[in-house]
Every structure is written in C-alpha cells, then in structure tokens.
Amino acid sequence: MRQFSLYILLLFLAGCTFDAPPIEVEVITGPALSDPDPSDGAEEEELALTLRWQSENIPEFDLYFGINRPPDVLYAADTTSKEITVVGLNYDTRYYWQVIGKLSDGSSVYGPIWNFKTRPKVLAPDGFIMQKQNIATEIPSYVNILFQVLDLNNEGYVSLTVNDFEVFEDDLLVSPEEAIVRLFKKEEIPYTFRTVLMLDNSTSLEDSLSYIKDAAIGLVNNLTDKQEVAVYKFSDEPELIQDFTSSKTSLITAINSITTGYNTTDLYGAVIAGAAKWTDIYSTENSVQGALVLFTDGQDTQGEHTFEEALTALGDKRCFTIGFGGDIDPAVLRIFGNSGFYSVNTTDELSQKFLDIQLQLDKAVNSYYVLNYLSPKRGDFSHTLKVFIKNNPYSGSGSSIVGQFNSAPFYSVSPGLYINPSVENQTGISSLIIDQNTSVTVTAYSFLVNNQPVYTWTSGNNTIATVTPDATDNSVAVIKAVGNPGDQTTIVVLDFNNDLSKLINITVR
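Residues numbered from 1 in each chain as written. Predicted model: local features only at pLDDT ≥ 70, side-chain atom pairs only at ≥ 80, totals over all residues. Heavy atoms only, no water.

### With respect to the overall build of the protein chain
- Scanning the protein chain from terminus to terminus reveals 7 helices and 30 strands.
- Against the globule reference of 23 Å for 509 residues, the protein chain gives a C-alpha radius of gyration of 32 Å, more extended than a compact globule.
- By its C-alpha atoms, the protein chain is 120 × 55 × 35 Å across when sized along the principal axes.
- Expressed as a percentage of its 509 residues, the buried residues of the protein chain come to 46%. (Helix = DSSP H or I, 4+ residues; strand = E, 2+ residues; numbered from the N terminus. Rg over C-alpha atoms; globule rule 2.2 N^0.38 Å. Buried < 20%, exposed > 50% of the residue type's maximum accessible area, 1.4 Å probe, protein only.)

### Comments concerning helix 7 (residues 350–366)
- Over its 17 residues, helix 7 extends 25 Å from the first C-alpha to the last, a length consistent with the 24 Å expected when each residue adds 1.5 Å.
- Every buried residue of helix 7 is accounted for by Leu-350, Phe-354, Ile-357, Gln-358, Gln-360, Leu-361, Ala-364, Val-365 and Asn-366. (Expected span 1.5 Å × (residues − 1).)

### Focus: the nonpolar core
- Ranked by size, the top nonpolar core spans 37 residues in total, and within it Leu-197, Phe-295 and Phe-354 carry the most contacts.
- Among the elements that take part in this core, helix 2 (residues 209–220) stands out by supplying 7 residues, more than any other.
- If sequence neighbours within four positions are ignored, Phe-295 has contacts with Met-198, Leu-199, Asp-200, Leu-205, Ile-212, Phe-234, Ile-322, Phe-324, Leu-350 and Phe-354.
- Within the second largest apolar cluster, 25 residues are counted, among which are Ala-275, Leu-292, Leu-294 and Cys-319. (Core = buried A, V, L, I, M, F, W, Y, C linked by side-chain atoms within 4.5 Å. Contact = heavy atoms within 4.5 Å.)

### A few points about the environment of Lys-248
- By secondary structure assignment, the location of Lys-248 is in helix 3 (residues 248–256).
- Residue classification places Lys-248 among the partly exposed positions, given a relative accessible area of 34%.
- When the C-alpha positions of Lys-248 and Ile-217 are compared, they lie 8.7 Å apart, and in sequence the two are 31 residues distant.
- Beyond its immediate stretch of four places on either side in the chain, Lys-248 contacts Val-220, Asn-221 and Leu-223.

### Brief notes about the side chain of Thr-224
- Tracing the backbone shows Thr-224 in the loop between helix 2 and strand 15 (227–234).
- Residue classification places Thr-224 among the buried positions, given a relative accessible area of 13%.
- Side chain to side chain, Thr-224 and Asp-362 meet in a polar contact 2.8 Å long. (Polar contact = N/O pair within 3.5 Å; in protein donor to acceptor, adjacent residues only side chain to side chain.)

### Considering the side chain of Asp-495
- Its location among the elements puts Asp-495 in strand 29 (residues 488–495).
- There is no salt bridge for the buried Asp-495, and the closest opposite charge comes from Arg-182, which lies 8.0 Å off by N-O distance.
- Within the local environment of Asp-495, its side chain forms a polar contact with the side chain of Asn-498, the two groups lying 2.8 Å apart. (Lys, Arg positive; Asp, Glu negative; His and termini not counted. Salt bridge = Lys/Arg side-chain N within 4 Å of Asp/Glu carboxyl O.)

### Observations concerning the pairing of strand 7 (residues 94–102)
- Most of strand 7 sits inside the fold, with 7 of its 9 residues counted as buried.
- Summarising the sheet, strand 7 and strand 8 (residues 108–118) pair through 8 bridges and their orientation is antiparallel. Within the sheet, the bridge partner assigned to Trp-97 lies in strand 8 and is Trp-114.
- Counting the residues between successive antiparallel strands, the hairpin from strand 7 to strand 8 contains 5 residues, one of them, Gly-106, with a positive phi of roughly 95°. (Pairing = 2+ DSSP bridges.)

### Focus: the packing of aromatic side chains
- As enumerated under the stated definition, the model contains 23 aromatic pairs in all.
- Aromatic side chains Phe-128 and Tyr-157 sit 4.7 Å apart centroid to centroid with 65° between the ring planes, which places their arrangement in the edge-to-face category. Taken together, the residues Phe-128 in strand 9 (residues 128–138) and Tyr-157 in the loop between strand 10 (142–151) and strand 11 (165–169) connect sequence positions 29 residues apart.
- Aromatic side chains Tyr-268 and Phe-307 sit 6.1 Å apart centroid to centroid with 65° between the ring planes, which places their arrangement in the edge-to-face category. Of this pair, Tyr-268 sits in helix 4 (residues 267–276) while Phe-307 sits in helix 5 (residues 307–314), and the two are 39 residues apart along the sequence. With respect to burial, Tyr-268 and Phe-307 carry one shared label: buried.
- Positioned over the ring face of Phe-244 is Arg-194, at 5.0 Å from the centre of the ring.
- A cation over an aromatic ring shows up here: Lys-317 above the ring of Trp-278, its NZ or CZ 4.7 Å from the ring centre. (Phe/Tyr/Trp six-rings, centres within 6.5 Å; stacked < 30°, edge-to-face > 60°. Lys NZ or Arg CZ within 6 Å of the ring centre and 35° of its normal.)

### Regarding the sheet that holds strand 13 (residues 182–184)
- Strands sit in the order 9-10-20-13 across an open sheet of 4 strands; the sheet is antiparallel. Every other strand in the sheet has two partners, leaving strand 9 and strand 13 as the edge strands with one partner each. The mean angle between the axes of side-by-side strands here comes to 25°, regardless of whether they run parallel or antiparallel.
- Alignment of strand 13 against strand 20 (residues 368–374), held across 3 bridges, turns out to be antiparallel. By the bridge assignment, Phe-184 is partnered in strand 20 with Val-370. (Axes fitted to C-alpha atoms, helices over the stretch in contact; angles between N-to-C directions.)

### Some details on the environment of Val-220
- Checked against the element boundaries, Val-220 lands in helix 2.
- Taking the C-alpha atoms as reference points, Val-220 and Gly-269, separated by 49 residues in sequence, lie 24 Å from one another.
- Beyond its immediate chain neighbours, meaning those up to four positions away, Val-220 contacts Lys-248, Leu-251, Ile-252 and Ile-255.

### Comments concerning the packing of helix 2 against helix 7
- Axis separation between helix 2 and helix 7 bottoms out at 8 Å; the angle between their running directions is 25°. By the angle between their axes, helix 2 is roughly parallel relative to helix 7. Note that helix 2 runs across helix 7; the crossing there is right-handed. Along its contact with helix 2, which presents Tyr-211, Ile-212, Ala-215, Ala-216, Gly-218 and Leu-219, the element helix 7 presents Leu-350, Ser-351, Phe-354, Leu-355 and Gln-358.
- For the contact of helix 2 with helix 7, the class distribution of residues is 8 nonpolar, 3 polar and no charged. (Parallel < 35°, antiparallel > 145°, perpendicular 65-115°, else oblique. Left-handed = near helix turned anticlockwise from the far one by under 90°. Nonpolar A, V, L, I, M, F, W, Y, C, P; charged D, E, K, R; others polar.)

### Concerning the sheet that holds strand 22 (residues 400–406)
- Sheet architecture is open: 4 strands sit in the order 12-11-21-22, paired in antiparallel fashion. Of all strands in the sheet, those with a lone pairing partner are strand 12 (172–173) and strand 22, marking the two edges.
- Bridge analysis of strand 11 against strand 12 gives 2 bridges, and the strand direction is antiparallel. Within strand 12, the residue paired with Phe-168 across the bridge is Leu-173.

### Some remarks on the confidence of the model for the protein chain
- Of all residues in the protein chain, 93% attain a pLDDT of 70 or more, and the chain-wide mean is 90.
- In the model, residues 1–29 has pLDDT below 50 throughout and makes 11 contacts with residues more than four positions away in sequence or in other chains. (pLDDT = per-residue confidence, 0-100.)

Quick look at the structure:
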C-alpha cells in the first residue's frame, strides 16, 4: 500500500511544473534503522564520540560519514556492530551520517540521514583562578605564598608580574614598598615538573609504531626547564624503560627502543602505574608537580584492573590522554584526560597532538609563582592573609587566596647579610671554632634586599679551612677545619646580586 501511494504521488508530481529546487527524498523500506545516538540535530557534541543506532533483523551495516549531505565517506564497511566510534573531528562543524543495512538476501536498507554539530572551541574568557598550594613563614618575618594561576579554561597563565598583586593582612593592604613584596617564578625556586609518558605498543599499533615514536620524540625535544620525563611502554603490562631524567638523549634512546608488544592492552593498569610514579609536593622549599601523558589506540582488553581502580589511583593528578583510531572508548579517555583528551584519526595528526600537550605542560610549569614579603606583624598571634590579582574580572570561587599565618617567631632586622640567624640568635654568627678534621654546615641569609641572592664562598687559606658550597643551593656551605689546632683564617661570603659581604673568623681546635 505504501509503495502504491508513493507511485500515485510521483505520477501526480510528474504532471506539475515547479520553480523550486529539487527536494531530497529518503525512502526507507523493510526493517527500520532508528534511534540515533547522538540524536538527529544534536549540538555541542565532543570531538570524539560513538555513533549508535537501533535495528532488527539486519546482519551487517555500512556507515557513511562526513561533512557533506548526503555523507560521501565510507567510514565503516560490513560491520556487525550497531555502534561506531568517530574521532579527530573539528570544532563547530556539522557532520552527517547514514547507516545502510545489508540484508542476507543481498538487498540494502537505507536509513535516514542524521546529523550532529560539534562544540565550538571555547576561547578563554577574561579572568584568573588562583590555586593556593602552600603558605609558609621564615625568619625574620617573611611570608611566602606558593600558588598557581589559571585562566578560566583551566590552562596555566604565565605573564603576571609583582605589580599585578595586592596583599592584605587582617584586611589591611600591605605596602609593597615597606614590605618589599617580591614575586618569584620557577627559575628562582626549587621546583621540578615530572611527566610520565605512557605509550601503548600493543600489536594493533605495529604499522603505526614509528609515527608514535616520532611524535613522542617531538614532545621530548621541546622539554621546558626543570621538566623531567619517565617513559613507559604497555601492552600486557606497563614497563618502565626510562626513569625520570631531563636528558633528551636518554629519553630519545628509550623511545626508539620500543618494539611491538602483545595482543592485549592493560589500559587501566597503565593509568595506575603512571599515577603512582610521582607525588605532588607543594612547598616553597621543594615543589614537585607531575602529569601523566597516555597514548592508546584501544580499550582495556586485559581485565586485570577495573575502571574504578584506575580512576581512584589517578585521583586529582593531572592527566592528558590521546586516543588513536576508532577502537578507543572516548568516554573513558575523556574522564581520565582531566587536563585534556585528544582524538586522532590519522598518523599525520600525532606529532601535533603531542606538541599541543607539551605546550599545555609548559604553561603549567610556568604558571607557578611564589609571592614573598616582609610582614610588619609581631607577637604570638594568628593573622588572616588575602592575595588578589588587581582588576581580576572573575570574582567567583578561587579568584583570591585566603589563608592564615602566625607571627610568633617574627622579629625586626636591619638590612644585611647574616650567617645562621635564628630567633634565639637574631644577628647570626661571625666566628666559628671547629675541631680539627671536622665540618660545620652554615647558611647565608640576605635580609631586606631587592634582588634574589646569589652567594659565593671563599676561604682565606685552604690549608687551614676549606669551604664547599652546596651543589643545588649556594646559600648553604660546608666549612671543614683541615689545619692544626690554633690555626686561624677567614671565610668570605659574598652576595654579589645585592652587593653584600660577610666575614666568618675560623679557629681550628
């Protein structure tokens, strides 16, 4: 009856004349193809997603997909599955898809042409989020605030200066001149950024492995200062092939050593191992932050660990994921990729995705700041501390830093260079008596100075006392008495960035 009615309608139309353009007619006969997911006309879809549909009594399908209507790219052929993952899509683009059912008698069933539109690329709106990591005090009355600044897309912001900040104690503005407010970046603080590079080498990637290695090497060649990388490969289990190092040569050698693994993928185990490889430490004395960069072309097929176990192990640690090809589960990789999920359809795209991630890592490294100032507070009292970015358009949660500190150890001091000062000995020491063939560790402090101190240590007579600066912190040195009892000499300490010097008189006992 349906076919007869259509025939009569076509005869009627044949006798009519229209100026309008031709109308696209979709004819569906036999078993129906229905219930598309995403729904027809959907908006704001992700750049990798799984297309699903419903049907009965259809054994095989072809999927046509693309930006043209009707879609003209055969994306999957002769598949028995009713779901196909598409990856590597573009922002703000409408895609069309059509499923053609292939019946056992050789005939075909043409489904409707469905469509969806991907989400637009979001430009970072104006405004900043400040993530407090640590507030610490040190003598004589310094307050140090370690924090990270992000834009509203959760990407590190690297361009702030000391003049962009305001500090309040107990709701009173701290004078930047009187308090000598200073801002330090990663170059001036003890800081390490650790990156775990986790590369899938299962057998399904045999033909693409050389491209994967080249892309990973591209990331390594763009390492930022104070970044260390550890490299894993994984198929049946994650295997560490290079521990944390900043040596590009060692990392490239490790990556080039990767060969094809096994026909199983321990994806969840890889997340668990990668997340366990580092611990985030937020301290003005020694900060460590890390990120997991995970590449895979598939889903967890081994089953030794669960998704929930992997997600728990990852916690709030930073993770980027790259999914290659149509066998991935984009929903899973999107959840693991809390700092970014990138989908790739061809090997030509791999290098750019790895470089995009390294750019995000570079921003993360450079968006850490230490704000340091000399507090005027005294006495055993707690004080409220607030730090703002001037003229921050964003005023929601995280738009400022709020914390507390106690001023019990604080005391006043004159500008100068001090050796081993303390609350009990506020002016420090100027002489030392050291037993023969023994050593003493001393620390230099430059108070009320405008520049970051850089110290040199010199012995007046190396046959009486030697001095050896610490390899990683030149404010610390070891003085060893090597002369005879009664011998005397001096150690000269120079802070040449602030034109300060100090003499330490040494006597051998």
